[in-house]
Amino acid sequence: MKIFIEKNYTDLSKRVADIIESEMKEKSNLVLGLATGSTPIGTYEELIKRHKEEGLDFSKITTFNLDEYLGIPHDHVNSYHYFMEENFFKSINIDNDKINIPNGNPENVEEYCKAYDEKIENQGGIDVQILGIGENGHIAFNEPDDKLYLGTHVTDLTESTIKANSRFFDSIDDVPKKAITMGLGSIMKSKKILLLASGKNKANTIKKLLKDGVVSTHNPASLLLLHPDVTIILDEEAAEEYMK
Ligand code: PGA
């Protein structure tokens, strides 16, 4: 496991973009696992800048997103389809046919989830997976629980996640209560994992993850500690409690 502690969010974003850029240069048809949330936005901005200024080429890249709210239209401002389009895809030269985001309105959820995992496998698996971390240790929408699911599945969001995500909605009542998410098994199959955390509100989460020396389904991110190639990129605020 590698840990980078960067001075601030800008440097964190540049570090993550550096790693992705170097992987893209080694493999032009890289399979990238992408995340939504506030944390990766700076990374997407940095990659867009490198595309525009240095010609970083996304034309052969395939992407798989981690999750989507269930029952939300894809053109809804809070859907993860909309988020990805606005924050990343519309500003790079990615082939739309190579973008994969879980469908929040599938006809048959079970079949759809199975097909999503199969599609990842048929692409040879995810080469580099970007992850944020919830304050409660969740990864994608794999929430702390007695057990975690391996494959893509539908899940109930916890109160803490609904509360955290309500900042993007007009009212907390508008936050969807369910989501479709890749499972920990799908995520752990990624060849390389980049876990990002920024800001004081993640400081205790990071301390728990890196100092407890425990793996638990009640802290889903802790399972990543078993992965052979995980890099954790923090800014100083997120690293504060861990460094004490
Ligand atoms: P954030 O979300 O990047 O908006 O903090 C991370 C997460 O909940 O996984």
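Described in the following lines is the structure provided in the data block. (Residues numbered from 1 in each chain as written. Predicted model: local features only at pLDDT ≥ 70, side-chain atom pairs only at ≥ 80, totals over all residues. Heavy atoms only, no water.)

So, on to the overall build of the protein chain. Across its full length, the protein chain holds 8 helices and 10 strands. Against the globule reference of 18 Å for 244 residues, the protein chain gives a C-alpha radius of gyration of 17 Å, in line with a compact fold. Referenced to the eigenvectors of the C-alpha coordinate spread, the extents of the protein chain come out at roughly 45 × 40 × 35 Å. Taken over 244 residues, the protein chain has a buried fraction of 52%. At a minimum sequence separation of 6, the contacts of the protein chain that also span at least 24 residues come to 80%. Both charge centroids of the protein chain, one from 28 positive and one from 41 negative side chains, sit 5 Å from each other. (Helix = DSSP H or I, 4+ residues; strand = E, 2+ residues; numbered from the N terminus. Rg over C-alpha atoms; globule rule 2.2 N^0.38 Å. Buried < 20%, exposed > 50% of the residue type's maximum accessible area, 1.4 Å probe, protein only. Contact = heavy atoms within 4.5 Å. Lys, Arg positive; Asp, Glu negative; His and termini not counted. Charge placed at Lys NZ, Arg CZ, Asp CG, Glu CD.)

Turning to helix α3 (residues 80–87), a few remarks are in order. An α-helix turns once every 3.6 residues. As a result, residues three or four positions apart point the same way. Regarding α3, the residues found buried are Tyr80, His81, Phe83 and Met84. Down the axis of α3, the sector holding all buried residues measures 165 degrees, keeping them to one side. Each element contacted by the buried residues of α3 is listed here: β2 (31–34), α2 (41–54), β3 (62–65), β4 (67–69) and α5 (159–165). Two or three places before His81, at the opening of α3, Ser79 has a side-chain oxygen 3.4 Å from that residue's backbone nitrogen. (Arc of directions from axis to C-beta. Polar contact = N/O pair within 3.5 Å; in protein donor to acceptor, adjacent residues only side chain to side chain.)

So, on to the layout of surface pockets. Picture a little ball the size of a water molecule; that probe, rolled over the atoms, points out where space is still empty. In this model, the largest pocket occupies a volume close to 700 Å³. Taken together, 34 residues form the lining of the largest pocket, with Thr36, Gly37, Ser38, Asn165 and Arg167 sitting closest to its centre. Contributing elements (two or more residues each) for the lining of the largest pocket: β4, α3 and α5. Ranked by residues supplied to the lining of the largest pocket, first place goes to α5 with 4 residues. When grouped by side-chain class, the residues that make up the lining of the largest pocket number 15 nonpolar, 15 polar and 4 charged. Every residue along the wall of the second largest pocket is listed here: Asn142, Glu143, Pro144, Asp145, Lys147, Leu148, Tyr149, His153, Val154, Thr155, Asp156 and Thr158. Tallied by class, the residues present in the lining of the second largest pocket amount to 4 nonpolar, 4 polar and 4 charged. (1 Å grid on protein atoms, 1.4 Å probe; cavity = no way out; pocket = protein on both sides within 12 Å on 5 of 7 lines; lining within 4 Å. Points joined across faces, edges and corners; volume = space filled by probe spheres on them. Nonpolar A, V, L, I, M, F, W, Y, C, P; charged D, E, K, R; others polar.)

Helix α8 (residues 236–243) packs onto helix α7 (residues 203–211) with a crossing angle of 50 degrees between their chain directions and a minimal axis gap of 7 Å. When the axes of α7 and α8 are compared, the pair comes out oblique. In terms of crossing hand, the pair formed by α7 and α8 is right-handed. Along the contact surface, α7 presents Ala203, Asn204, Ile206, Lys207, Leu210 and Lys211, while α8 presents Glu237, Ala238, Glu241 and Tyr242. Of the residues contributing to the contact of α7 with α8, the split by class is 5 nonpolar, 1 polar and 4 charged. (Axes fitted to C-alpha atoms, helices over the stretch in contact; angles between N-to-C directions. Parallel < 35°, antiparallel > 145°, perpendicular 65-115°, else oblique. Left-handed = near helix turned anticlockwise from the far one by under 90°.)

This brings us to the site of the ligand. Taken together, Gly37, Ser38, Thr39, Gly132, Ile133, Gly134, His138, Arg167 and Lys202 make up the full set of residues adjacent to the ligand. One nitrogen or oxygen atom from the main chain of Ser38 is found 2.8 Å from an oxygen atom belonging to the ligand. Between the ligand and the protein, one listed contact pairs an oxygen atom with a side-chain N or O atom of Arg167 at 2.9 Å. Counting atoms within 2 Å of the grid points, the majority share of the ligand lands in the largest pocket. (Near = heavy atom within 4 Å. Sits in = over half its atoms within 2 Å of the grid points.)

Geometry only, nothing functional implied.
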